[in-house]
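These are the residues of each chain, in order.
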Amino acid sequence: MKPFDFLILGSGIAGLSFALKVAPRGRVAIITKKNRAESNTNYAQGGIAAVTSKEDSFELHVRDTLEAGAGLCQEPVVRTIVEEGPARIAELIELGMKFSGREVPEGSGEIELDLGREGGHSRRRILHAKDVTGREIESALLAAIAAQPNIEIFENYFAIDLITTQKLGQAGPSRCVGVYALDKKSGRVETFAAPVTLLATGGCGKVYLYTTNPDIATGDGVAMAYRAGATVSNMEFIQFHPTCLYHPKAKSFLITEAMRGEGAVLKSLAGGEFMDKFHPLQSLAPRDVVARAIDSEMKRTGADYVLLDATHRPARFLIEHFPNIYETCLRYGIDLTKEPIPVVPAAHYQCGGVRTNVDGETDIAGLYAVGEVACTGLHGANRLASNSLLEAIVCAHRAAQKVGAPAPFAAAIPAWQSGKANNADEMVVVSHNWDEIRRLMWDYVGIVRTNKRLQRAQKRIANLQEEIQEYYWDFIVTSDLLELRNIATVAGLIVACALERPESRGLNYNLDFPNPDPAWGQRDTLLRKG
Ligand code: FAD
Ligand code: SIN
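Conventions we followed
Residues numbered from 1 in each chain as written. Chains lettered and ligands numbered in written order. Predicted model: local features only at pLDDT ≥ 70, side-chain atom pairs only at ≥ 80, totals over all residues. Heavy atoms only, no water. 1 Å grid on protein atoms, 1.4 Å probe; cavity = no way out; pocket = protein on both sides within 12 Å on 5 of 7 lines; lining within 4 Å. Points joined across faces, edges and corners; volume = space filled by probe spheres on them. Nonpolar A, V, L, I, M, F, W, Y, C, P; charged D, E, K, R; others polar. Phe/Tyr/Trp six-rings, centres within 6.5 Å; stacked < 30°, edge-to-face > 60°. Buried < 20%, exposed > 50% of the residue type's maximum accessible area, 1.4 Å probe, protein only. Helix = DSSP H or I, 4+ residues; strand = E, 2+ residues; numbered from the N terminus. Near = heavy atom within 4 Å. Polar contact = N/O pair within 3.5 Å; in protein donor to acceptor, adjacent residues only side chain to side chain. Areas by Shrake-Rupley, 256 points an atom, 1.4 Å probe, with all protein chains shown as cover. Expected span 1.5 Å × (residues − 1). Pairing = 2+ DSSP bridges. Contact = heavy atoms within 4.5 Å. Axes fitted to C-alpha atoms, helices over the stretch in contact; angles between N-to-C directions.

### Quick notes on empty space enclosed by the protein
This model, assessed by the stated rule, comprises four cavities of 30 Å³ or more. Approximately 90 Å³ is the volume found for the largest cavity. As for the largest cavity, its lining consists of 13 residues, and the residues nearest its centre are His128, Lys130, Ala258, Glu262 and Phe322. Grouping the amino acids of the lining of the largest cavity by side-chain chemistry returns two nonpolar, six polar and five charged.

Written out as structure tokens, the structure is:
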């Protein structure tokens, strides 16, 4: 058994920020299932939203967040996160994070932050590092972590299941006391124990066939928390990003919304703009509106994609502001300074998750959740662009304050019991089931839903879950099997939440209930394992 004071699952912005804050108080283990930098954070492009300019105000940022959230945000949570953002940004800068600047006025030598704009924001307020903000944040945090002797990172360790006193058969309210994790290199399952466990495992984009997310995003944290008895909330609100590169060889490459913020416009294959039919803000309308508009345009014309055109902007400006996107598109034979980029919507962000308060507390003692895995009430029915990095860094700070100093702790935890079977043929079934779930989620539980499709999805997922359960207990665990079990659980939760909400609101668009129902205006969907 590996005992620690603080156990952190995940090494994105949420996990690393929390680790830095608690390290002076005790021994910290960070468990991460691939290499330490591999996370959604690492791929964030547009930036981090925070009020830093004289033209902006907390009031405006709060208002924009509430509007995007379609009546379901918790206003006190929104206020807290918006108001605490600038202090956390200042800390990031102190750690060495370099946000892009610009000279104002040109030639003066005076540099101020270059603030970008994205859909739904009424002001320029997105701090960014060109178009690789996430990579820069991740490396600044990892550099700071490397200087902390109290923090040990376990790379290629896959957290399988939370260990709770309830699962151990102890009476009284359940408390999380650790986690079983698979060492992917040795194949052994190890036991980590701590009085405080932070879930910072990110989102679940890989539940869908097409996604902007990297392979790590399989909803493991939500699935683990649900199995452990925590409340999961609002999983129907899956955000589809409108502009993912469409190219047969490109896997999950995002074209940042900041490009539309700098004037790029959406066009049909025939070359005409179409967003004026859908929203006064046209290509910069809130994300749910743009994704649905593209979906509708593709269905109307039978096209496989639409176009994002920035060719009217000077080539130098585009290359300077979006160097990563420029280079990547060029590798696929697209020169974005001369031709429009083919784009399609793809699953991007999980607005729901493990239910927490703004301090990251779940309803299981000793278990905290921060970042995309958590549902704090900030995003409501639709996340405002670039609010997620902000939420993660503010809530990580608050959770670190909340947990305080480590308490004396002793837990008798039995070792993991593994199945024995190891049949290579059966791996075909695992990969078949992976594909089946992701395709059925895309086809039946996507941007536009109906109750019939949701019910069909529910039946199939239930069958698949049964099959996976059989495997799970018989076979030696592998990360593929564990991820399959988790995406099946999360797919089931998304469908259950979508079926529970008889209205269209924000990202949950159901043709059987095309309008919002005022009775659901402040109601979250809540699921807890019976
Ligand atoms: P992540 O950064 O995803 O980290 C999760 C960590 O948990 C990873 O280290 C992963 O390996 C680990 N993990 C997961 N499961 C397990 C397990 N079972 N065992 C061990 N480890 C595990 N948001 C913005 O605000 N602004 C943006 O500009 C922006 N751009 C984006 C661009 C892209 C392409 C994507 C995909 C997302 C973007 N987002 C953006 C969303 C944002 O990046 C994420 O919401 C945020 O980074 C999540 O941070 P996190 O720390 O919660 O999770
Ligand atoms: C983007 O850069 O378009 C993504 C921003 C976000 O998801 O917040």
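### Points about the packing of aromatic side chains
Taken as a whole, this structure holds 10 aromatic pairs when the rule is applied. Where Phe154 meets Tyr157, the ring centres are 5.3 Å apart and the plane angle is 70 degrees; that geometry is what we call edge-to-face. Of the two residues, Phe154 and Tyr157, both sit in the buried class. Ring geometry for Tyr246 and Tyr305: centres 4.7 Å apart, planes at 25 degrees, overall stacked. Within this pair, whereas Tyr246 is found in the loop between β14 (238–245) and α6 (258–261), its partner Tyr305 is found in the loop between α7 (287–301) and β16 (306–309), the two being separated by 59 residues in sequence. Judged by relative accessible area, which is 25%, Tyr305 ranks as partly exposed.

### Examining the site of ligand 1
Lining the immediate environment of ligand 1, one finds 37 residues, of which Thr41, Gly47, Asp220, Glu372 and Ser388 sit closest. The backbone of Ala159 places a nitrogen or oxygen atom 2.8 Å from a nitrogen atom of ligand 1. Relative to its unbound accessible area of 1000 Å², ligand 1 is 98% covered by the protein chains. Of all elements in the fold, only α1 (13–22), β3 (28–32), β9 (157–164), β17 (341–350) and α10 (387–403) reach the threshold of two or more residues within the shell around ligand 1. By residue class, the composition of the shell around ligand 1 is 13 nonpolar, 19 polar and five charged.

### Remarks on the site of ligand 2
In the vicinity of ligand 2, the residues found are Gln45, Gly46, Glu118, His241, Leu254, Thr256, Glu257, Arg287, His348, Arg383, Ala385 and Ser386. With respect to ligand 2, the side chain of His241 contributes an N or O atom lying 2.7 Å from an oxygen atom. The separation between an oxygen atom of ligand 2 and a polar main-chain atom of Ser386 is 2.6 Å. In the complex, the protein chains occlude 93% of the 250 Å² of accessible area that ligand 2 would expose alone. In the shell around ligand 2, the residues fall into two nonpolar, six polar and four charged.

### A look at helix α13 (residues 479–500)
Helix length check: α13, at 22 residues, gives a terminal C-alpha distance of 31 Å against a target of 32 Å (1.5 Å per residue), a fit within 8%. Most of α13 sits out of view: 17 of its 22 residues are buried.

### Considering the sheet that holds strand β13 (residues 232–233)
If you trace the four strands from one edge of the open sheet to the other, you get β20-β18-β13-β21, paired in mixed fashion. Bordering the open sheet on either side are β20 (374–375) and β21 (526–527), each of which pairs with just one other strand. Summarising the sheet, β13 and strand β18 (residues 353–355) pair through two bridges and their orientation is antiparallel. By the bridge assignment, Ser233 is partnered in β18 with Gly353. On the sheet, helix α5 (residues 220–228) packs against β13, β18 and β21 and is oriented at approximately 40 degrees with respect to β18.

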